[in-house]
Amino acid sequence: MSKVKSFSGGMHPEYDGKSLTNSCGIIEAPLLEKYLVPLMENAGKPPRLCVAKGDKIKKYQLIAEADGFVSAHLHAPTSGVVVQIREVPGPMGTPVTAVEIEADGYDHGEAPFAPWEEWHSKTPQELLGRIRDTGIVGMGGAAFPSHVKLSVPPDKKVDTLIVNGAECEPYLTADHRLMAEYPQKVVTGALIMGQILNVSRIFIGIEENKPDAIAALGNAAAGTAVQIQVLKVRYPQGAEKQLIYAVTGRRVPTGGLPFDAGCVVQNAGSAAAVSDGVLLGIPLVERVVTVSGEAVKNPGNFKLRIGTPVIEAVKLAGGVTEEPGKLILGGPMMGFAQRSFDVPVAKNTSGILLLPGRTALNFSSSPCIRCARCVEVCPMKLTPCLLCAAIEGNRLDLAQKGHVMDCLECGACAYVCPSRRPLVQQFRRAKNELRKKK
Amino acid sequence: MSDNISENIKLPTGEKLVLSSSPHVSASESVRKIMLKVIAALLPAAAAGIWLFGLRALAVILVTVVSCVAAETLWCRLAGKRIGSALGDLSAVVTGMILALNLPAAVPFYVPVIGAFLAIWLGKQVFGGLGHNPFNPAVVARVGLLIALPAAMTLWSPPRGMDKNYPQAEYFFGSAMMKKVAAGELDGITCATPLGLMTDTRKIVHTPNDRHLIAAARHNFDKVSSPELLKKYFWGVRSGCIGETCTPALLLGLVILLCFKLINWRVPLCFIGSAALFAGVIHWFFPGVTPPALFHLLTGGLLIGAIFMAKDMVTSPVTNWGCVIFGMGCGLITVVIRIWGNYPEGVSFAILLMNALVPLIDRLCTRAPFGEKERKKEQIS
């Protein structure tokens, strides 16, 4: 195993909440009576519905078809009846169309695709087609369709695949447990994607604070092309550009994509899904989700089907110990605050966090005292305090010159800010307005 | 899941859920905590000042801090601001302490009161309060007082240990005072500061082309910068402002600031380094114009300025290179004023001048974002 690597800048939260769940083995959730499968893709187009109200469906049946290249298929998480197509609160804050499925209790369905245990003999096109067929997306956050990320433009040369197991977000341990308990799936998924890309450099980047997962992956990867790269515990180590830099020493040009640094990055959960899709022939209908936070009674990691309403996940975790002040889908640094417990689990829902009011309800912000902590931690080497001042003074031109468009919205600046400035919020606003102007 | 299990589970209602932008957690650091740490870092220098200059120094510190807090409260009342949040950040206490450490112990009490209003009102609140002030409030007050009340601001009293046996005692006390010193009547005695003596001597040299004068000046510079005296200066046994004399206490404060990550080390390093280098070069070429570099470091307010006043967060640059330029500018201007200016001391003026340049420095010293070089390379190829 080589040296522990990292990037410059970033920070480590004073309290990362990982100890709440990092030793909680993955618990398979029992079958529910009802699922609300959301038709959403955060990046790209939502898929086109191909079932109607009243249809009887089988488990793994295609219920919405990819609409165009940058879109992903959606499959039924169980067998039953489509009782309704309706709008539900979406995980990103905006309402989404969801297919309400009433489970029939049989949970019946065969793998819709042929299991390819001898995947080595398949061509990259065949394997890529399988990834598209099984509806796999980036399960770490952006839900970007995996087949798109694996389709290298002809003018780019890719020589490295990195599987992102950094999981730098506080509280989340879903990938950690997945890698510790199913290391074989992650390694196989990585090898399959390596074959698609025709690369020999395959890394799994993982933060030092997951020794059991590192050991498990090390065993699983022994004798294969996959190398385990241990990374420093440093937020945002899992951000694509920072991960690529830590692992390969290459910098993705500003405004560029990982392709431009000869890399493709895939989430560890996605790698495991690729393994299931190819070896077992089953599409992506479930994922590991961390249900945690100080307001949750029994925090843990659960294998939930896509479309599980959040309230059911909270029930699995034993309910709450106190009235939560904030419900977050994703991690506390980049996740989305929710208004309702009816919001369903989507393919990119890595965590369901319930934070008590005392930690979540801090709105008082005071003027910037220019302490420069934000400058120190910005992983993109921007100057957040000056950018924020420019935006507040309606000088979007200055913000643009200050490269606000390169902001990752990782939130490290806002986390360390002693004045609790709404930095990320201002940057999002500026980015939106600048995009509109184009 | 069967119903009898879920009945026992306490489920949330979602009524009190708060919607807000990420991130949803934050560090426990606050402006108040930062100010508390700065106060902790100032304590060694304050304690040393009280030890050296007596309880009078303690009284000056208390009067200044209380006046600053009073000035802040009064402003908030008049301007209709919330008093709690302005006082709660403790910045008025920090300003008060820094200002007090920059006053002579013998100063009449109305001086720190005026100074407090200068600092809090003119230095800070007229610009909109903490975070909006372009100049370091304590330095604004010190410079204002120095110009408006020069006599009161230069009432230097001898510290503990500065008596008739002090090296070159006659030179510091003057012959009239020396009799009182010798008699042990130390109450109400004033004396010169090393920098003051240096300036007096230097002014003689401004009458050019007189070899005798220049030789006399060199002789005087040698006197005030003898190794014996430099040792005294180092331990703080020299006349000066309450908090500026004791080097070990100031260095301890620097260590505290660095441990708490409250200052960028580049500012004090470049400030002190450039001042030493520049003063050293001048001394090398024109030994009759100024004493050696070490004299400059151990006298006046160079250290307190470099450690506590220059890297005031609000009024110094935010990037590393900005801090380098800012620190070097402060060091150079300080030495220029000390050697060629009309005032013996130049630290405060230097800091104010560089404060004014901070927005420009910030603008010129923005960093290239991560990956910007690679983008430019790609564009060329």
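Residues numbered from 1 in each chain as written. Chains lettered and ligands numbered in written order. Predicted model: local features only at pLDDT ≥ 70, side-chain atom pairs only at ≥ 80, totals over all residues. Heavy atoms only, no water.

**What to know about the overall build of chain B**
Then, number 1: Each helix and strand counted, chain B has 20 helices and 0 strands in total.
Then, number 2: Principal axes of the C-alpha set define a box for chain B whose edges measure 105 × 65 × 40 Å.
Then, number 3: Classification of the 381 residues of chain B by burial places 55% in the buried group.
Then, number 4: Once local pairs closer than 6 in sequence are excluded, the contacts in chain B between residues at least 24 apart make up 75%. (Helix = DSSP H or I, 4+ residues; strand = E, 2+ residues; numbered from the N terminus. Buried < 20%, exposed > 50% of the residue type's maximum accessible area, 1.4 Å probe, protein only. Contact = heavy atoms within 4.5 Å.)

**Remarks on the domain arrangement of chain A**
How big an interface is tends to be stated in terms of accessible area lost as the parts join.
All names here are of chain A.
Then, number 1: Split by domain assignment, chain A resolves into domain 1 (18–22 + 113–280) and domain 2 (373–437).
Then, number 2: The C-alpha centroid of domain 2 is placed 30 Å from the C-alpha centroid of domain 1.
Then, number 3: With 7 residues of domain 1 at the interface, the matching set in domain 2 holds 6 residues.
Then, number 4: The interface formed by domain 1 and domain 2 holds 0 salt bridges in total.
Then, number 5: At the surface where domain 1 touches domain 2, the tally comes to 2 residue pairs in polar contact (both at pLDDT 80 or more).
Then, number 6: The residue makeup of the side of domain 1 that touches domain 2, split by class, is 3 nonpolar, 3 polar and 1 charged. (Domains from an automatic or database assignment. Salt bridge = Lys/Arg side-chain N within 4 Å of Asp/Glu carboxyl O. Polar contact = N/O pair within 3.5 Å; in protein donor to acceptor, adjacent residues only side chain to side chain. Nonpolar A, V, L, I, M, F, W, Y, C, P; charged D, E, K, R; others polar.)

**Considerations on the side chain of Thr160(A)**
Residues and elements named next belong to chain A.
Then, number 1: Along the chain, Thr160 falls in strand 9 (residues 160–165).
Then, number 2: With relative accessibility at 0%, the residue Thr160 sits in the buried group.
Then, number 3: Side-chain polar atoms of Thr160 contact the side chain of Asp159, separated by 2.8 Å.
Then, number 4: If we skip the residues at most four places from it in the chain, Thr160 touches Val199, Arg201, Phe203, Thr248, Arg250, Gly262, Cys263 and Val264.

**As for the sheet that holds strand 14 (residues 300–305) of chain A**
Residue and element names in this part refer to chain A.
Then, number 1: Strand order in the open sheet formed by 6 strands is 1-14-13-17-15-16, and the pairing between neighbours is mixed. Both edges of this open sheet fall to strand 1 (26–28) and strand 16 (336–338), since each of them pairs with a single strand only. Between one strand axis and the next, the sheet turns by 30° as a mean value, whatever way the strands run.
Then, number 2: Of the pairings in the sheet, the one linking strand 13 (residues 286–292) to strand 14 comprises 6 bridges and is antiparallel in character. Looking at strand 14, one finds that Thr290 is bridged to Asn301.
Then, number 3: Across the sheet, helix 3 (residues 174–181) touches strand 1, strand 13 and strand 14, and the angle it forms with strand 13 is around 125°. (Pairing = 2+ DSSP bridges. Axes fitted to C-alpha atoms, helices over the stretch in contact; angles between N-to-C directions.)

**What about the domain arrangement of chain B?**
Then, number 1: The domain boundaries assigned to chain B delineate domain 1 (31–153), domain 2 (162–191) and domain 3 (193–238 + 263–362).
Then, number 2: Here domain 1 of chain B and domain 2 of chain B have C-alpha centroids that lie 32 Å from each other.

**Examining unusual backbone geometry**
The general pattern is negative phi for most residues beyond glycine and trans for most peptide bonds.
Then, number 1: The omega torsion of the bond from Tyr235(A) to Pro236(A) falls at -5°, within 30 degrees of zero and hence cis.
Then, number 2: By the element assignment, Pro236(A) lies in the loop between strand 11 (226–231) and helix 6 (240–248).
Then, number 3: In this chain, Ser22(B) is followed by Pro23(B) through a cis amide linkage whose omega measures -5°.
Then, number 4: Among the structural elements, Pro23(B) can be located in the loop between helix 1 (3–7) and helix 2 (31–53).

**Brief notes about the pairing of strand 13 of chain A**
Residue and element names in this part refer to chain A.
Then, number 1: Most of strand 13 sits out of view: 6 of its 7 residues are buried.
Then, number 2: Bridging between strand 13 and strand 17 (residues 351–356) involves 3 bridges; their strand directions are parallel. Note on strand 17: the bridge partner recorded for Thr290 is Gly351.

**As for the sheet that holds strand 3 (residues 48–49) of chain A**
All names here are of chain A.
Then, number 1: Strands sit in the order 3-5-6 across an open sheet of 3 strands; the sheet is antiparallel. Two strands lie at the open edges of the sheet, namely strand 3 and strand 6 (74–75), each paired on one side alone.
Then, number 2: Pairing of strand 3 with strand 5 (residues 62–65), which is carried by 2 bridges, proceeds in the antiparallel orientation. Paired with Arg48 across the two strands is Glu65, which belongs to strand 5.

**What about helix 13 (residues 227–235) of chain B?**
Residues and elements named next belong to chain B.
Then, number 1: Here helix 13 has its buried residues at Leu229, Leu230 and Tyr233. All buried residues of helix 13 project into a common sector of 100° when viewed along the axis, lining one side. In helix 13, the exposed residues that point more than 90 degrees away from the buried face are Pro227, Glu228, Lys231 and Trp235.
Then, number 2: Directly after helix 13, the chain includes Gly236, whose backbone phi takes a positive value near 95°. (Arc of directions from axis to C-beta.)

**A few points about a nonpolar patch on the surface**
Then, number 1: A grouping of Leu277(B), Val281(B), Trp284(B), Phe285(B) and Phe286(B) is seen on the molecular surface, where their side chains present a nonpolar patch of about 640 Å² in accessible area.
Then, number 2: Within the secondary structure, Trp284(B) sits in helix 15 (residues 266–285). (Patch = residues over 30% accessible without salt bridge, like charges linked within 9 Å, V, L, I, M, F, W, Y side chains within 5 Å. Areas by Shrake-Rupley, 256 points an atom, 1.4 Å probe, with all protein chains shown as cover.)

**Focus: the pattern of salt bridges**
All names here are of chain A.
Then, number 1: Counted under the stated rule, the structure contains 26 salt bridges over all chains.
Then, number 2: Between Asp107 and Arg305 there is a salt bridge, with its nearest N and O atoms 2.8 Å apart. Of this pair, Asp107 sits in the loop between strand 8 (96–103) and helix 1 (124–133) while Arg305 is found in strand 14, placing the two residues 198 residues apart along the sequence.
Then, number 3: Using a relative accessible area of 23% as the deciding quantity, one classes Asp107 as partly exposed.
Then, number 4: Across the pair Asp260 and Lys156 runs a salt bridge, and its minimum N-O distance is 2.6 Å. Taken together, the residues span a long stretch of sequence, with Asp260 in the loop between helix 6 and strand 12 (263–267) and Lys156 in the loop between helix 2 (146–149) and strand 9 at a distance of 104 residues.
Then, number 5: Overall, Asp260 belongs to the partly exposed group, its relative accessible area being 23%.
Then, number 6: The exposure class assigned to Lys156 is partly exposed, which follows from its relative accessible area of 29%.
Then, number 7: Salt bridges here are not isolated pairs; linked through shared partners, they connect Lys45, Arg48 and Asp67.

**Notes on the interface of chain B and chain A**
Then, number 1: On the side of chain A, 70 residues touch chain B, which itself brings 51 residues to the contact.
Then, number 2: When chain B packs against chain A, the two sides together hide about 5300 Å² of surface, and 59% of this comes from carbon and sulfur.
Then, number 3: Connecting chain B to chain A are 3 salt bridges.
Then, number 4: When the shortest N-O distance is used, the salt bridge between Glu374(B) and Arg251(A) registers 3.6 Å.
Then, number 5: At the boundary of chain B and chain A, one finds 25 residue pairs in polar contact (both at pLDDT 80 or more).
Then, number 6: When residues of the side of chain B that touches chain A are traced back to their parent elements, those giving at least two are helix 2, helix 19 (347–364) and helix 20 (372–380) of chain B. (Buried area = accessible area lost by both parts, 1.4 Å probe.)

**Looking at helix 7 (residues 137–148) of chain B**
All names here are of chain B.
Then, number 1: The terminal C-alpha atoms of helix 7, which comprises 12 residues, lie 16 Å apart, in line with the 16 Å expected from a rise of 1.5 Å per residue.
Then, number 2: For helix 7, the buried fraction is high: 9 of the 12 residues fall into the buried class.
Then, number 3: For helix 7, the complete set of buried residues consists of Pro137, Ala138, Val139, Val140, Ala141, Arg142, Val143, Leu145 and Leu146.
Then, number 4: Against helix 5 (91–101), helix 6 (110–124), helix 8 (150–153), helix 17 (302–309) and helix 19 lie the buried residues of helix 7.
Then, number 5: Near the N-terminus of helix 7, the side chain that reaches the backbone nitrogen of Ala138, with its oxygen 3.1 Å away, is that of Asn136. (Expected span 1.5 Å × (residues − 1).)

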